[in-house]
Amino acid sequence: MESIREYIPFLIPIIIIEFALMISAVVHIIKHDKFKIGNKVLWIIVSVVFQIIGPILYFTIGRSDE
C-alpha cells in the first residue's frame, strides 16, 4: 500500500488525461456522422474500452477530414 502512495502524484495526471481524451473522442464521435473507417458504435467502443490508445486511434485514423 505504501508503494502505491508514492506513485499517486504521477498517476493522477495520467488518469485525468485519459478521461479527457476519452470524453473528447466520444463527444466528437457523437457529433459527426462520417468516418474514414468504421461507424459510430465501433469508435465509441474502441474509445471507451482501449482508454488511451482508442481515442488516439480515432483522432489519427478514424476521424473524417470534413
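Residues numbered from 1 in each chain as written. Predicted model: local features only at pLDDT ≥ 70, side-chain atom pairs only at ≥ 80, totals over all residues. Heavy atoms only, no water.

In the annotation of an unreviewed UniProt entry, the entry for the protein reads Cardiolipin synthase N-terminal domain-containing protein, and the organism field reads bioreactor metagenome.

Right, let's talk about the environment of I17 for a bit. The topology assignment puts I17 in helix α1 (residues 2-31). I17 sits 35 residues away from I52 along the chain, and the two C-alpha atoms are 8.4 Å apart. (Helix = DSSP H or I, 4+ residues; strand = E, 2+ residues; numbered from the N terminus.)

With that settled, consider the UniProt feature "transmembrane region" (unreviewed entry) in the protein. Per the UniProt annotation, the sites labelled "transmembrane region" (unreviewed entry) are residues 7-30 and 42-61. Regarding residues 7-30, the helix share stands at 100% and the strand share at 0%, and the terminal C-alpha atoms are separated by 35 Å. Strand forms 0% of residues 42-61 and helix 85%; the C-alpha atoms that close the span are 13 Å apart. (UniProt positions renumbered as here; feature names shortened; annotations may be inferred.)

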